[in-house]
Structures are given as C-alpha cells and as structure tokens.
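Now for the letters of each chain:
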Amino acid sequence: KLNSREAAEHDRPGERTDLSFDQAKLGMKRSALLAAALCARAGAFAPHRSALLPSARGLASARIAAVAPAAVLEPTTLPAVHVGWELLSTEVVEEYEVVANRYIHRLTRAELLSVVAPNDDNKVFLAAFRTQPDAEVGSTGVAHILEHSVLCGSAAYPLKAPFVEMLKGSVHTFLNAMTYPDRTVYPVSSQSMADFYNLLDVYVDAAFCPIATDTRSGRGREIFEQEGWHVAAKRTAAVGDTAAVPVAAGLSLQGVVYNEMKGVYSSADSLHGREALRALFPDSPLRWDSGGDPEQIPKLSYEQFVNFHRTRYAPASALLFACGDDPELERLNRIDAALTRAHVHRSTALPPLAPEVAGVPPMSKQALRSEPWLVQDTYPVQANAQLEQSGQYVSLNWLITDEDIPDSERLALSLCSSLLLGSAAAPLRASLLRSRLGSALIGGGLSDSLLQPIFSVGLKGVALGDEARDKVSELVLDTLRRIAGGEDVTESDGVVVEGDAAAASRPAFDDEAVAGALNSLEFRLREFAASERRGLSLGLGAAGEWAHGRDPVEGWRFRKSLAELKARIASEGAPALFSKLVHTYLLSNGHRVTVQLAPSVGHAAERDQAETNTLAAAADLPATGDATHGAKEEALLARTAALRLAQQAEDSPETIAKLPRLRLSDLELACSPPIPCDVTHLPKDALDGPGRVVYLSRPLASAGVVLVDVGLSLEPILKPLAQMAAQNGWPLSPTDPTACAAAAAAAAAPAAAPPPPAPAAAAVAAAATTT
C-alpha cells in the first residue's frame, strides 16, 4: 500500500506498480526467511538447518537481482518506501543540495543515514561503530586489530584477502578503514554504480560476519594471531642447549598491528600526541590507546577479541551511511539484502546478546578539573650526543568544556584558534617562534573531532630542563593574556620569523584580521560543499557526530551557525567576543595539563626489557630443567610453522569466484554525460589593448563559490625574447643598453592582428589548448 501511494504521488504508476509487486513477493519471502532463521536458532528444526540456510542465501541473492538499476526511479526529494526499513526523519540540507533520510532496519535495528545527492556521482558507503576501549581491554588495541581482521574474509566471501582481490577489478575512488580513539569506520566509494554495490555488499558482510570472530573453525584464531599478535618461534640452537630464557628458542612477538604500533611508539611526535590525549582524559575511555600499546597488546586474548566484536559490531550498534546519485530504493534493497544475510549468519553462529548490551551508548564526558597539572615522560634517542640536539617537547593542553555547546560557539572557537595560530602572522604562533625557545611549533590549536574539544599548543626542540619548560609555559600564558587584553604581540624585536610575521603589526582580534579569517572560514565551508569527495567527508563527519550522541545531520547546516556568529561579532564586537572566548575556555580554565617529553637514551632499553618480560609471559615456557620445557618449545615451533603455511596458502578458484565481478558493460553505464560549456567571444573593447578574449563557462554545483582560471598567451613576449636570446645570449645583461632597448621595443610593439573568430567547437578546443 505504501508503494502504491508513492506511485500515485509520483504519477508514474507503471514503474512503481512493478516494483510494488516485486516487493510484495519479497516481503512474503522475508517472512518465510525469518521464520526459518528463528526456528534454526531455537533448534526446532536442527536436522533441516543446513537445508534452510542455503535457501536463505538464495533469497538474499534473489532480492539483489529483483530490481535492476535501470528500472528504478531517479532520486527525488521524497524518501523511498521499503518494507524492510522504517523511516525516522527526512531533511533537506540546502548547504549541500542533498536530502538526508534516516531509517532504521526493522530486522536488525541498524541505523541508516541515506543521503540523496542527485549531483554527486561519487557514491559513498560507510559503516561506523562505537569502539572506545573499556577497562577490560584497556590499551590492548582490540579496536585496531579488529579493523585489520574483519577485512580478512567473511562468511559470504571467505577469501583470505577479498579486498586485495577486488582491487584487481574495481574502479573505486576510495577504499579503506580507520580506527579513531572512540570509533571505527569502514568507508568505500566509486563512481560506477555496479562497482559501488559490489563493494557495499562485501563491506557489510566483512563488518558483521568476519571469519576472524567465527569460533567454529581454527581460521579465526589464525587471523587474530596474524593481524594482532602471536609468539613466533625459530630454531637458533638445539633445544635445551642454552640458558633458560625465551630467546633461547628464537622466540619473538609478531603481528601486523603489534609491529605497526612498535613503530608508532618509537616516534617522539606520536608519543607526545598520545601522552597529551591520555593526560587530558584521566577518567574517560580515551585514557586508553585504541590503537594499542605494544606492552599491552599481548595481553589481549582471542576470547576478548571475539566478544568485543560481538557487542560493538552488532547491527543495532552501527551507523550505516550512504550518499550519491544512485536510486534510493535500489540502495535500500541492497543494504537490506546484505543485512538480512548477516542476520541469518549471526543468529546461527553467535550466542544472542542480552538486551542490556544490544546497543553501545555514547561514552560519557570527562569532568573538568579545577587546577592545572604536569605530566612528564621520555622519548627514545640513540646516543648521549643527541640529547641536547634533540631537545624536549613542551606543550600546554586544555579540555575546553564538559558541557554541550551550540554549533555557533564551536564555530567561534574554530575561528579564534585560526586567529591565534592559523597563519605565519597569527600572534600566538609568531610569539612562540620568535622566542627561539624551540625549533618548531606543536599542538595545532583547536581539535573538535572528539566528544569534547581540546586546544593544544607548544614547542619542540626546547632546551633540556624544567627551567626551559617553565619559560615556554609562561610565554604561552602571558601571550594569551596580552592578546585577550588587546595588545599587539607581533611587534618586531629584530628577529624575523617565517613569512615575516613581525611585519604584520596589529592586535589579534582587530576588524581586518577577523574579517579575513571569517572570509577564509566561510570559503572553506562552501568549497567543501563543492568538493569531489563531499560525500566521503559528509560520511566521516556524520560518523563522528553519531558516535558522540549528536545529530549527524545538524553539523552540516553551517549557514545558520555562520549567521549567528556574524551577528555576535556585529553586536559584541570582534575584540570583545574573542577575548571573552580566550578568557573563558583557556585562561580561566583549570583543566590544563603541561606535557613535558624529554629525550632519553635509556627509553629504548626500558621498552626492550618490557618486551622481553611480555614475551616471557606470553610464551609461558617452563624452566629449562623442567620435563615439559622441550615439548612446549616444540609446540611453539609447530604453531609458528602452521601459521606460516596458512598465510602462504592460496584461495581456490571456487572461493575467488564468489566475489562479485565488474563487467565492461557496467563501466559503460557508469559514464556521466559531459557538462555543457558556454563559449562567448567578448568584444575587443573589453580589453585595454589589442587581442581577444574567449570566455568559457560551465554550470557547476559550487555552493556559491566562483572558480576562475585565467589563461594568458605569452607568445607576444616569448617570441621576440627568443630571437634576442639567439642573437645576444641569455640572460640579457642589464648593462647592455642595446639588448634592453630591444626588449622594451618588443614589449611595446602591437601584437599581430587576431584571426577571425572560429566556429564554436574549434574555439573551445583552441581555448582549452591555450589554457
């Protein structure tokens, strides 16, 4: 009935009636499928389970093919009606010329933000999950290991590396996965509709039904060990001939994520950033490293790994995002089919979730502290000679607020950060660099990608010792006080900083500086709306807002926030407004931590010793004289060999054939029509001198930003210069009056008469070649 009503509203009953009939049949098949799945789960038809599930997969495949893309209506402002989805809301976002429809999947309770973007042929799909660590997993990096592991084969596509195989025949524009401190996202995009739906189907199955967490076979544990960590053994001496230490058998800790994070934890820049984040959130899940601390990664068990996926990657805990010019009804069909198949697999392969853990809520905020504090740590250097040369890291870091603030306030903070640090002439940046207290700026100002915004600034390459640290700290605070008081802190003291910032002598929040920063901010917001990767950026932004419990669409409406900010600047005055922001969120904010990271020759040795201790605990070898010592070493050697064989094994042709394939006909259908180009020959009186102008214009969705390229012919200048170079050599000598006079005469000589206007097609080609 819903589809019939929508058909009448669109006045295209024939097309919609066929779809409604197909969907009616599919709805009945869905009922049978769900009954079969529930019975199989309950064990009522255990003998027939193997017969039921293949037919369920067949139904899912039938649903995918039921509606061909060519037979579906183009996207409209009205949301599609689908039996498997409940529409929650629909909104028109004028800033990006899109319609955002929010659905919830009736079967799995997965949430979908479906964005209809008729002008965006770069179709995007994204799956996001709240994966902030908890006390049980700590800094073991389980979210990071899962991000790697789910891409190592799934129930429907049991290849070792399905995405590597798909890359051989895909025209994707983006394909990746990212682990944030509080969420994990799996985005993919393609301009080909068939390729997009292929990737979408494989991504959904990978996220919800990975082989890595299937405990019914040994391959899941192999993937965990390969991507996470394992004890690798090799013979370096006859067993029992060396001292009773794990290294005697050539033991080492290995794993893709483990080795990756060992590299991260050897970088001073990375260590500083992680230490600052950990210090700012002492009572929050963000105090644990979602990427994984190499000392903690080997403490993660396979059982914890499986349970983390079961709870955090449940469909009811996910946000799905889709955006592009594909027909929305077909989009819903595809995602519904993939989720239904995933539900059947999870209901038979995994124990049911308790109601209280069926969804993962957003994490709570970190409460602000009232007094500043200091955190000290070290980073590795090779030799004592590098201590003074490397210097230490000193930064001041603020947690801005523990309350919800409106979007206009967040925009004002972003603009304030730009005024303080965003350019070579920015006063806080210029003051720090001119001080010569350090070699480079660190921190970067405001970051609002987490649940609560933070502000960080400081220097690296600072002289060793607490006295130098205190000088940097006091310089930052004193500069902020002077800026908030309206002083000019860019007055030259004879030291030139990058970009000659000292030359721009003016208060930080004067009208000219604010107007320039505001114009740049608005341009960036509008330019983003016209970006070729707009859908991908919208999806990543929406995933962050959703993970934090906020409306994922509200953040796209920058016009209202921008207008409110401009109104505040007009009513309060720029100096008063931004000075108040500096006082409120920085100078009067007690939740400030100073991070001091000093170079240490012993840092690496301490980490090596910690790794040795961790390895000993993970290997769990008995003493050399113990009767079971040799057997345990042999078991480790056998396990390492088995893992290597599994890694070297190749997928069978039958397994590879399960992946969807892109056809040449799909690529032909994916081509977009060319955008028309208007060609205008401007009259000669439009120029001050001789010549002609060909004006080419194309209508693009550029969000109110006019993009201009100007091409000038250099032939009237280059030709006489080339002749003079052949006669007099090059470069021309400024003391040669003859050459200089010839150059001046050539520059002043009238250009040759322009050729008659060419036909439009030829004019376009000629102008494009010249440009």
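The structure this text deals with has already been given above.
Now for a description of the structure that goes with this document. Because the structure is a prediction, the values reported are computed rather than measured.

Considerations on the overall build of the chain
Summing up its helical and strand segments, the chain has 26 helices and 17 strands in all. In the chain, the proportion of contacts linking residues at least 24 apart, taken out of those at least 6 apart, comes to 77%. As displayed, the chain has an accessible area near 35800 Å², and 56% of this comes from carbon and sulfur atoms.

Some remarks on the nonpolar core
The nonpolar side chains of a soluble globular protein tend to be buried with one another. Grouped together as the largest cluster of nonpolar side chains are 77 residues, with contacts concentrated most on Phe-125, Phe-208, Phe-305, Leu-320 and Ile-335. Among the elements that line this core, the one with the most residues is helix H6 (residues 193-208), at ten residues. When neighbours within four sequence positions are excluded, Phe-305 is seen to be in contact with Val-142, Ile-145, Leu-146, Ser-149, Ala-212, Thr-213, Phe-224 and Leu-300. One finds Ala-412, Leu-432, Leu-480 and Leu-562 within the second-largest nonpolar core, a separate group that totals 71 residues.

Section: the packing of helix H7 (residues 219-227) against helix H10 (residues 302-312)
Between H7 and H10, whose axes approach to 11 Å, the crossing angle comes to 100°. Comparing the axis directions of H7 and H10 gives the class roughly perpendicular. Together, Gly-220, Arg-221 and Phe-224 of H7 and Tyr-302, Glu-303 and Phe-305 of H10 make up the contact between the two elements. The residue inventory of the contact of H7 with H10, partitioned by class, reads three nonpolar, one polar and two charged.

Some details on unusual backbone geometry
In the Ramachandran plot, Arg-109 falls in the positive-phi region, its phi being about 65° despite a non-glycine side chain. Relative to the assigned elements, Arg-109 resides in the loop between strand E2 (98-105) and strand E3 (111-116). Using a relative accessible area of 39% as the deciding quantity, one classes Arg-109 as partly exposed.

A word on the environment of Leu-151
Its place among the elements puts Leu-151 in the loop between helix H4 (142-149) and helix H5 (162-166). Look at Leu-151 and you get partly exposed, because its relative accessible area is 22%. Not counting the four nearest positions on each side in its chain, Leu-151 is found in contact with Lys-160, Ala-161, Pro-162, Phe-163, Ala-177 and Tyr-186.

Considerations on the pairing of strand E1 (residues 85-93)
Relative to E2, E1 runs antiparallel, the two sharing eight bridges. In the sheet register, Glu-86 faces E2, and the bridge partner there is Ile-104. Hairpin geometry of E1 and E2 is characterised by an intervening segment of four residues between the two adjacent antiparallel strands and by a positive phi of about 55° at Glu-97.

Thoughts on H4
With eight of its eight residues buried, H4 lies for the most part within the structure. Those residues of H4 lying buried are Val-142, Ala-143, His-144, Ile-145, Leu-146, Glu-147, His-148 and Ser-149.

Quick notes on the side chain of Glu-227
With respect to the element layout, Glu-227 can be found in helix H7. Of the buried charged residues, Glu-227 lacks a salt bridge, with Lys-160 as the closest side chain of opposite charge at 9.7 Å. Side chain to side chain, Glu-227 and His-148 meet in a polar contact 3.5 Å long. With residues near it in sequence (within four places) discarded, Glu-227 still touches Ile-145, His-148, Ser-149, Cys-152, Gly-255, Val-256 and Val-257.

Observations concerning the side chain of Thr-401
With respect to the element layout, Thr-401 can be found in the loop between strand E12 (392-399) and helix H13 (407-421). Apart from residues no more than four positions distant in its own chain, Thr-401 is found in contact with Leu-368, Gln-452, Pro-453 and Tyr-585.

Structural notes on the pairing of strand E4 (residues 123-130)
Counting buried residues in E4 gives eight out of eight residues, a clear majority hidden from the surface. Bridge count between E4 and strand E7 (residues 183-190): eight bridges; the pairing is antiparallel. Within the sheet, the bridge partner assigned to Arg-130 lies in E7 and is Arg-183. Judged from the six bridges that link them, E4 and strand E10 (residues 318-324) form a sheet pairing that is antiparallel. Each bridged residue has a counterpart across the sheet, and for Ala-127 the counterpart in E10 is Leu-320.

What counts and what doesn't
- Residues numbered from 1 in each chain as written.
- Predicted model: local features only at pLDDT ≥ 70, side-chain atom pairs only at ≥ 80, totals over all residues.
- Heavy atoms only, no water.
- Helix = DSSP H or I, 4+ residues; strand = E, 2+ residues; numbered from the N terminus.
- Contact = heavy atoms within 4.5 Å.
- Areas by Shrake-Rupley, 256 points an atom, 1.4 Å probe, with all protein chains shown as cover.
- Core = buried A, V, L, I, M, F, W, Y, C linked by side-chain atoms within 4.5 Å.
- Buried < 20%, exposed > 50% of the residue type's maximum accessible area, 1.4 Å probe, protein only.
- Axes fitted to C-alpha atoms, helices over the stretch in contact; angles between N-to-C directions.
- Parallel < 35°, antiparallel > 145°, perpendicular 65-115°, else oblique.
- Nonpolar A, V, L, I, M, F, W, Y, C, P; charged D, E, K, R; others polar.
- Pairing = 2+ DSSP bridges.
- Lys, Arg positive; Asp, Glu negative; His and termini not counted.
- Salt bridge = Lys/Arg side-chain N within 4 Å of Asp/Glu carboxyl O.
- Polar contact = N/O pair within 3.5 Å; in protein donor to acceptor, adjacent residues only side chain to side chain.

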